[in-house]
Amino acid sequence: MTISRRRLLNLMAAGSGVGLLGPFFQYRSFAQAGRTLNITLQGFSLAIHVPELIAIHEELPKLGYNVPKIDRVESMQVITQTVVSGSTEIGDADVVSTLRASEAGADLRLIGLVYNNTSQVLVVNADKVKTYEDLRNRDNAIALNSRGDFIYVILSGILARHNIDINETTIVEIGGSGSRMRALLGGRVAAVPVHFEQAEAIIKQGNFKVLIEPWMTYRAWYSQAWLVQGSWLESEANQRAAIDLNKAMITAFRRANEDYGYFAAGFRKYATVKDAANVRDEELIPIWKKLSRDIGAWPNDGGFRRESFKELLPVYREAGAIKSEPDVDRVIDTRFVEQALKELG
């Protein structure tokens, strides 16, 4: 096939959008037939994670990949550590621990969102916690996945708006929202962040209430994103994989937003909640609407912007999650989302 000089220049210009300096035809190749990526995910998958699971199990294979080798880890900070150590290729890590690891010298890149904002809310024992002020009581422990993770930072920022320093509260670390839910129901703690659909189940079991809905405070909040080592991106094949992962994610975001049936099928197949395969539409439709419409969990454009990260840096600093000024332009690598959008149209 003969390609004109003008066409060649146009293709090379498109390629430079993700900084790939190799041959344009390699950059534009779509399939990596038979490749099996190694991906580490959180230990549980709830409604907000459904497009992520559809993307890696169904949409990514449509681009020529095998279904990835998947490992599950409860702690988000441990997921970050698995990427730092090179024991996994890609992790759905939390943003805060990534920035902290980067501060410590780790060469890391966030390359796209797992979801936008958060579906987690703070549920409290309403017999013990009636107002924000009651969280100062050292007996009213708050259970978090880990001190300093994104939920810790979210809560720190919201509590600060109510003139409460999070260091004035009692924090206990319990990995997994299911484990935290059981701790609250068992009376071992007074407040827990759980996903809002879990909150509804908790409220039915006693005098519990939702005290905090983060999306009512923050316009955008980046909780989890796809994390890789900077050195991993030196390979053109891996750059291609980063683009394709984001294509799969954005495709799943868009379809989940427009088609309840697509989301529902994914939930019943991949969610780790008890009896997920038999959840009725009348229970699932309100969850889908809240995630898609109210929370904006699955942005049609991927929602991955450095500007939004930069807006959150003061909150991270106030919470003590980061100490210095992280190099956001280096750590937040938007090239692959941008190219995925170009190819998807």
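The model shown is predicted, which means the values in this text are computed figures rather than measured ones.

On inspection of all chains with the given rule, the structure shows eight aromatic pairs. With centroids separated by 5.8 Å and ring planes inclined at 85 degrees, the aromatic side chains of Trp221 and Tyr316 adopt a geometry described as edge-to-face. With a gap of 95 residues between them, Trp221 in the loop between β9 (208-212) and β10 (224-229) and Tyr316 in helix α12 (residues 306-318) connect regions that are remote in the sequence. For Tyr316, a relative accessible area of 1% corresponds to the buried category. On the basis of an interplanar angle of 40 degrees and a centroid distance of 6.2 Å, the ring pair of Phe263 and Phe267 is categorised as tilted. Here Phe267 and Phe263 lie together in helix α10 (residues 260-270), a separation of four residues that amounts to about one turn. In terms of burial, Phe263 and Phe267 fall into one category: buried.

Now for the environment of Arg147. Here Arg147 shows up in the loop between β6 (142-144) and α6 (150-161). Spatially, the C-alpha atoms of Arg147 and Asp294 are 28 Å apart, while their sequence positions differ by 147 residues.

Here we come to the layout of surface pockets. Approximately 650 Å³ is the volume found for the largest pocket. In terms of lining residues, the largest pocket is bounded by 24 residues, among which Glu197, Gln198, Ala201, Val273 and Lys274 are the most central. A per-element tally of the lining of the largest pocket places helix α7 (residues 177-185) first, with five residues. Residues belonging to the lining of the largest pocket are distributed by class as follows: nine nonpolar, seven polar and eight charged.

Okay, α7 next. When α7 is considered as a whole, its buried residues turn out to be Ser177, Arg180, Met181, Ala183 and Leu184. The buried residues of α7 occupy an angular sector of 160 degrees when the element is viewed end-on, so they sit on one face. Two residues or fewer past α7, Gly187 is found with a positive phi of approximately 80 degrees.

Moving on, we get to the sheet that holds strand β2 (residues 69-73). Pairing is mixed in the open sheet, where five strands are placed in the order β2-β1-β3-β10-β4. Two strands close off the open sheet at either side, each with one partner strand: β2 and β4 (108-113). When the angles between neighbouring strand axes are averaged without regard to direction, this sheet yields 35 degrees. For strand β3 (residues 90-94) and β10, the ladder comprises four bridges, and the chain directions are antiparallel. Its bridge partner being in β10, Gly91 is matched across the sheet by Leu227.

Here the focus is unusual backbone geometry. Glycine aside, negative phi is the norm for most residues, and most peptide bonds take the trans geometry. In this structure, Asn117 is a non-glycine residue whose phi angle is positive, near 60 degrees. Turning to its location among the elements, Asn117 is positioned in the loop between β4 and β5 (120-125). Here Asn117 falls in the buried class, since its relative accessible area comes to 2%. Look at Asp275: it is not a glycine, yet its phi comes out positive at around 60 degrees. Mapped onto the elements, Asp275 comes out in the loop between α10 and α11 (281-295). Classification of Asp275 by relative accessible area gives partly exposed; the value is 49%.

What counts, and where the lines are drawn
Sequence order as written defines residue numbering, which begins from 1 separately in each chain. Local features in a predicted model are, by the rule used here, given only for residues with pLDDT of at least 70; side-chain atom pairs are given and counted only at 80 or more, and totals for whole chains, interfaces and linings are based on all residues. Hydrogens and water molecules were not included; the side-chain quantities draw on all heavy atoms of the structure. The rule is short: rings of Phe, Tyr and Trp, with Trp giving its six-membered ring, pair when the centres are within 6.5 Å, and they are stacked under 30 degrees, edge-to-face over 60, tilted in between. Strands are runs of DSSP state E lasting at least 2 residues, helices are runs of H or I lasting at least 4, and numbering of each runs from the N terminus. We call a residue buried when its accessible area falls under 20% of the maximum for its residue type, exposed when it is over 50%, and partly exposed in between, using a 1.4 Å probe and counting protein chains only. Cavities and pockets were defined on a 1 Å grid built from protein atoms only: a cavity is a group of points that admits a 1.4 Å probe but offers it no way out, a pocket is an open group of points flanked by protein on both sides within 12 Å along at least five of seven lines, and a lining residue is one with an atom within 4 Å of any such point. Grid points are joined across faces, edges and corners, and a volume is the space filled by probe spheres set on the points. Residue classes follow a fixed rule: Ala, Val, Leu, Ile, Met, Phe, Trp, Tyr, Cys and Pro count as nonpolar, while Asp, Glu, Lys and Arg count as charged, and any other residue, Gly among them, counts as polar. The directions considered for the arc are those from the helix axis to the C-beta atoms. Any two strands between which DSSP finds at least two bridges are classified as paired. As a rule, the C-alpha atoms of each element are fitted with a line to give its axis, helices using only the stretch in contact, and angles between N-to-C directions run from 0 to 180 degrees.

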